[in-house]
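Coordinates in review
Letter by letter, the chains look like this.
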Amino acid sequence: MDIDLNPEQTKAVETTEGAVLVLSGAGTGKTRVLTSRLAYIISNGLAAPWECLAVTFTNRAATEMGERLSGIIGPAASQVWLGTFHRIGLRILRRHAELLGYTSNFTILGQDDQERLLKQIMEAENIDVKKNPPRAVLEVIQGWKDKGLSVSMVPTNTHEDFLNGKILSLYRTYQDRLKNTNAMDFGDLLLLCLELFKAHKDILEKYQNQFRYILVDEYQDTNVSQYLWLRLLAQKHGNICCVGDDDQSIYSWRGAEIGNILKFDRDFPNAQIIRLESNYRSTEHILGAASGLIRHNEGRLGKDLKVAEGQDGSGDKVSVSGVWDGREEASRLIEQTETEKRSGTPYNEIAVLVRVGFQTREFEEAFISAGIPYQVIGGAKFYDREEIRDAVAYLRVLAQQNDDLALLRIINKPRRGIGDATIQILQQTALNEHISVFSAARLLIREESTVLKTAAKKNLRIFMDMFSRLESYMDADIDASDLAEKVLSESGYLAMWKESNAPEAQGRLENLQELIGVLRENFKSIHAFLEHVSLVSDVDDMSNDDKVSIMTLHAAKGLEFNTVFLPGWEDGIFPHQRALDEGGQRALEEERRLAYVGITRARKKVFISFAANRRVYNQWQNNIPSRFLSELPPEHLTGEGSIVGFKRQRQESFTPSRSIPWSSSSHTQSSGKQQIRKGFRVYHNRFGYGVVLSSEGNRLKIAFEDIGVKTIMADFVEAV
DNA sequence: CGTATATATCTTTTT
DNA sequence: GATATATACG
């Protein structure tokens, strides 16, 4: 047994029977407790590895736990049922898919596919997609799924005001279409598990018997459906240990119920609660600042972090600085990074944590021009790129013909003369016959079918023949990367980009090569690869190279660094405007927890900053410092920067008097650009140089040197 | 049916 | 600043 555990940790490890809630503050050795506990259970023979279920939220956490566990107990670790909620749900569903009317090779849809599908459905129902964005509808449906509500369980009175009550029928159609195309979305991976368990008691019992011990990481982030799932599985043996920290609950927007952790002792009678409050990570000042901040939240379980015994708690105060604008913020951050590096902190011990994704760009640019190596975690995703999605779509159809979304994506890419008209007919046929688009295509190319015109029919047949040829490779014993290569070249997809003279074509081809490389190194089968694509995000693979990490606060949960930069602490940015506008007290408290998570990522140094002016959506905004700054206890802070002092009141009187001049100018909408009038010489991205002949509002009539006179919106040209 | 160009819209956080 | 849609033309 690990002899380095403190008494509370030991108790959390050795209290194996019954329900246990471990309240584990930031940096209190949560992961060590979880792995030690698993090792303890297995090596003492309380259960075999495969009788233990350990669930996490991120693949990163699961991987880390698995690695540490195999370090203690060796290869047996791989037999533990360890993974994210979604992955374990998937594992169960693959095994019993037939009972739910799916085949076990069902596809998993990502957000993008979900929106596409819903959009198709809404358009078919003549719903105005402009007024009712599919994304918003999807949010409602996801919300139901997160609550464990299948179509038949949604209370009828909850949705009357939205879309004239049509939304429930949209949910039904959406589910039907998923089933028809043998696909599941993320929510289904848990929800359908619940349905499986409900309808087939024998299967539920099998798993209940199997899982003698259940461990749950980040319990504060579980939603209702996950909670129900856990409770069902734990029912037989009752040995469930949940580890969490209510102060780090930051996923309510994804359905997380902080109530799950707050009412744990009511859900699981005789539950024991163990508190881990000794922090092994951060200095006194950092903990003091974080604790002072989180104390402003109500409804906490209450927990105060202290520097663990034997740890050196001394250190620098948390630095708070105000600057003039985003550029200055970035350049100061670069300077401080260089200072840190010189004083011995490697780049990979430095992180920049931002509130929202687009903030990363500013720092990326700054790091590039300073020549400092960096990585963006979870930013623009490799698998989100157009060419990668296309390639994946080809593989998806190969793996599962009924995957309509994937098929429609590539059926005319590259162009094969299968245009909108043909595709409409295909979809209509599929809908009428309750079959997939692929099957519909098979019907429509038969000799006797006359639905399609001759040319369209011929083109479709050529496509289908090509696909059969590709499919025949699947049977041959061929490795995944070779298959992908064949598919991409024989389908003409690679040629499409090779022949393209678009400026980005070269980059796209390189990405496709990289994809094939990834396949070659990591995946034997196409199926394994597709599963990876749908379940693993870029947040999960972080390199250990000596690079500064840039990521959102959400992505940073569970990580730690020596030095942490927290830029953009302004009202409207952080706390986020939408939290201020819509969510009331609850949302504000979640933002505060997010701030708490940010500060507690740091071992030694925290640099918080705010800017008086910032460009957002291409427009200048002036902001006031975040309200959270005034909630940080001053004794743990030190101020610096071109704007000294961080008292909110002082800033408010300061900001308006020095507002940026061009933010109030009304004659041009594009910031800082000079107004273009008759006679100006201008440059256009495509048309090159020209002279303005006349202007009308912001429409300009321009005589271009190469192509003659055109009418162009003023936004698209620059004065030269 | 395909191509090229013009405009709108977006940006919270993610398995 | 990238991407989806709309529109016009060939």
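To be clear, the structure that these remarks concern was listed above.
In this report, we go over the structure that sits alongside the text. (Residues numbered from 1 in each chain as written. Chains lettered and ligands numbered in written order. Predicted model: local features only at pLDDT ≥ 70, side-chain atom pairs only at ≥ 80, totals over all residues. Heavy atoms only, no water.)

With that out of the way, let us pick up helix α4 (residues 85–96). Between the first and last C-alpha of α4 there are 17 Å, a value that for 12 residues agrees with the 16 Å anticipated at 1.5 Å per step. Listed as buried for α4 are F85, H86, I88, G89, L90, I92, L93 and H96. (Helix = DSSP H or I, 4+ residues; strand = E, 2+ residues; numbered from the N terminus. Expected span 1.5 Å × (residues − 1). Buried < 20%, exposed > 50% of the residue type's maximum accessible area, 1.4 Å probe, protein only.)

All right, on to the nonpolar core then. Counting residues in each nonpolar core, the largest one holds 66 residues, and the members touching the most others are Y219 and W229. At eight residues, helix α8 (residues 186–199) tops the list of elements feeding residues into this core. The residues contacting Y219, other than those within four sequence positions of it, are L21, Y227, L230, C242, V243, G244, N260, I261, F264 and F268. The next biggest cluster of nonpolar side chains, apart from the first, holds 54 residues, and it includes Y394, F467, I516 and F529. (Core = buried A, V, L, I, M, F, W, Y, C linked by side-chain atoms within 4.5 Å. Contact = heavy atoms within 4.5 Å.)

Another aspect to go through is the pairing of strand β15 (residues 561–566). Counting buried positions along β15 yields six of six residues, so the element is predominantly enclosed. Bridging between strand β12 (residues 350–354) and β15 involves three bridges; their strand directions are parallel. Pairing of A351 across the sheet is with V564, part of β15. Across five bridges, the pairing between β15 and strand β16 (residues 602–616) is parallel. Bridging across to β16, F561 finds its partner in A602. (Pairing = 2+ DSSP bridges.)

The six strands lie next to each other as β3-β2-β6-β7-β1-β8, forming an open sheet whose pairing is parallel. The open sheet has two edge strands with one neighbour each: β3 (81–84) and β8 (272–276). Going across the sheet, the axis of each strand differs from the next one's by a mean of 15°, ignoring polarity. Across five bridges, strand β1 (residues 20–24) lies against β8 in parallel orientation. Bridge pairing in β8 links L21 to I273. With respect to the sheet, helix α1 (residues 7–14) is in contact with β1 and β8, its orientation differing from that of β8 by roughly 145°. (Axes fitted to C-alpha atoms, helices over the stretch in contact; angles between N-to-C directions.)

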